[in-house]
Every structure is written in C-alpha cells, then in structure tokens.
Amino acid sequence: MYKTLCDIKLSKENCNYQEEIRQLKAEIAKLKICLDESKQREEIVRMGIAVDFNQGLDARRACDDPYILDLLSRVKWIRHIRFACDTRAQIEPVLKCIRELEQRGVNRHRFFVYCLVKEIDDALYRLNIFREMHINPFAQPYRDFDNKIRPTVEQRRVAHWCNKKSVFYSCEFKNFRL
C-alpha cells in the first residue's frame, strides 16, 4: 500500500537534521504520486523537497494543463523528470510536455523517457525520435511475469544498444553489433 504526502504529515518543523531528511526522502521515493493529486504536488513545491519519481509520468495527463506544467517546472528534481512513452500515441504528449517545460526554464538534460520494447520497429521509431532530440531514453524490454514470457534476444539487443549511451549516440541500431 502506498502512502501519500498527507499520510506522512510533512512540515519543516518535523524535519530535524540530516537523518530525518534522509528518512523523509526515502519515504518520498516510495510514494506513488499521480499527476492529478494537486494537493500533494503543491506540498512538494511549497516545501522545496527534492524528489525523484522513478516511474515514468504519463505526459498525456499534463501536456494540456498549464497548472500541472507549472508545478512540474517548479519541483526540485533530484535527477530527472521521467516520462513514459510505451506507444507511438504517447510521443506527441511527451514532446509537448518537454517543449512546455523547456519554455518554463527546465533544461533538456533533465528529461528521461522510459520506452517499452515490445514491437521492435515501434520501439526503434520512438527511441530514434528521442535520440535525434538528445533526450535520454531508457529501453525496457517487455516481460510478462504472469505468463512467464521473457524478452526476446532482439528486444534485449535494442535495450543494450539504447541503454549504453556511448553506443546509442555514436551509431544507429542497424549498425550495432554485440
């Protein structure tokens, strides 16, 4: 079961010194925060808490909402703003969010995009768009735990190519050899 910021009852008075801040950051890292939970987003921004959502945000829920985009641009990110782009239909919302956040002062190096690798051609299409824009993608081969389906050799090969950045930015997939 996930906690919310309201459950933790955050306040600067409760954050005494480094150990409590470390524990607080650990709790925040465990949170499942949806983009439509505005009270939690506002609390994060208000308190200036550094966060890292280690799952991809759904850009479709933010790209047309200036309020959400403003909040995302004001959050103090530990590393990256992570988006999910598992299908071609998600490309435009992700790119729109990135453009909007850049206009609000977020640097391009802050973006990170998770890309599910299920269909090879579809995954390569998405990965190459982000490659051309110098936006950092991470390829995650599809794995079905319920039916015990493991990633194929080709799915793993795409992930290896993409996730090794020195290779990803120096050659196209068609020229990549393991």
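These remarks concern the structure in this document. What you see is a predicted model; the values in this text were computed from it and never measured. (Residues numbered from 1 in each chain as written. Predicted model: local features only at pLDDT ≥ 70, side-chain atom pairs only at ≥ 80, totals over all residues. Heavy atoms only, no water.)

### Concerning helix α4 (residues 66-74)
Next up, step 1: Buried within α4 we find I68, L69, L71, L72 and S73.
Next up, step 2: Taking the backbone nitrogen of Y67 as reference, a side-chain oxygen 3.0 Å away marks D65 as the first, capping residue of α4. (Buried < 20%, exposed > 50% of the residue type's maximum accessible area, 1.4 Å probe, protein only. Helix = DSSP H or I, 4+ residues; strand = E, 2+ residues; numbered from the N terminus. Polar contact = N/O pair within 3.5 Å; in protein donor to acceptor, adjacent residues only side chain to side chain.)

### Some words on unusual backbone geometry
Next up, step 1: The phi dihedral of H134 falls on the positive side, at around 60 degrees, and the residue is not glycine.
Next up, step 2: Along the chain, H134 falls in the loop between α6 (120-132) and β5 (136-141).
Next up, step 3: Among the residues examined, H134 registers a relative accessible area of 57% and is labelled exposed.

### Observations regarding the nonpolar core
Next up, step 1: Within the largest apolar cluster, 46 residues are counted, with the highest numbers of intra-cluster contacts made by F83 and W161.
Next up, step 2: When residues of this core are assigned to their parent elements, the largest contribution, 6 residues, is made by helix α5 (residues 91-103).
Next up, step 3: Those residues in contact with F83 that sit more than four places away from it in its chain are G56, L57, A59, V94, C97, I98, L101, F111, F112, V113 and Y114. (Core = buried A, V, L, I, M, F, W, Y, C linked by side-chain atoms within 4.5 Å. Contact = heavy atoms within 4.5 Å.)

### Structural notes on the pairing of β5
Next up, step 1: Taking every second residue as pointing to the same face, the buried face of β5 carries P137, A139 and P141, while none of N136, F138 and Q140 on the other face is buried.
Next up, step 2: Direction of pairing for strand β4 (residues 111-117) relative to β5: parallel, over a ladder of 6 bridges. Within β5, the residue paired with L116 across the bridge is Q140.
Next up, step 3: Taken together, β4, α6 and β5 constitute a β-α-β crossover, and its handedness is right-handed. (Pairing = 2+ DSSP bridges. Right-handed = clockwise from strand over helix to strand, strands pointing away.)

### Quick word on the pattern of salt bridges
Next up, step 1: This model, assessed by the stated rule, comprises 10 salt bridges.
Next up, step 2: Between D58 and R60 there is a salt bridge whose closest N-O contact spans 2.9 Å.
Next up, step 3: What makes R60 partly exposed here is its relative accessible area of 48%.
Next up, step 4: For R157, the salt bridge goes to E154, with nearest N and O atoms at 3.0 Å. Of this pair, R157 and E154 both sit in helix α7 (residues 153-163), 3 residues apart, which is roughly one turn of that helix.
Next up, step 5: By relative accessible area, R157 is classed as buried at 16%.
Next up, step 6: Salt bridges sharing common partners tie together D70, E100 and R104. (Salt bridge = Lys/Arg side-chain N within 4 Å of Asp/Glu carboxyl O.)

### A look at the packing of aromatic side chains
Next up, step 1: According to the stated counting rule, one finds 8 aromatic pairs in the structure shown.
Next up, step 2: Their ring planes at 75 degrees and their centres at 5.1 Å tell us that F112 and Y114 sit as a pair that is edge-to-face.
Next up, step 3: Pairwise contacts between aromatic rings join W161, F168, Y169, F173 and F176 into one cluster.
Next up, step 4: Of note, R82 hangs over the ring of F112, and the distance from its end group to the ring centre comes to 5.0 Å.
Next up, step 5: The cationic tip of K165 hangs over the ring face of F168; the distance from NZ or CZ to the ring centre is 4.9 Å. (Phe/Tyr/Trp six-rings, centres within 6.5 Å; stacked < 30°, edge-to-face > 60°. Lys NZ or Arg CZ within 6 Å of the ring centre and 35° of its normal.)

### Things to note about the side chain of D144
Next up, step 1: With respect to the secondary-structure elements, D144 resides in the loop between β5 and α7.
Next up, step 2: In this structure D144 is buried but unpaired, with K118 as the nearest side chain of opposite charge at 7.3 Å. (Lys, Arg positive; Asp, Glu negative; His and termini not counted.)

### A look at the sheet that holds β4
Next up, step 1: Here 3 strands make up an open sheet; going across it, the order is β3-β4-β5 and the pairing parallel. Each end of this open sheet is capped by a strand with a single partner; those strands are β3 (81-84) and β5. Sheet twist, expressed as the average angle between the axes of neighbouring strands with direction ignored, equals 25 degrees.
Next up, step 2: Relative to β4, β3 is paired through 4 bridges, and the arrangement is parallel. When the bridges of β4 are listed, A84 appears paired with Y114. (Axes fitted to C-alpha atoms, helices over the stretch in contact; angles between N-to-C directions.)

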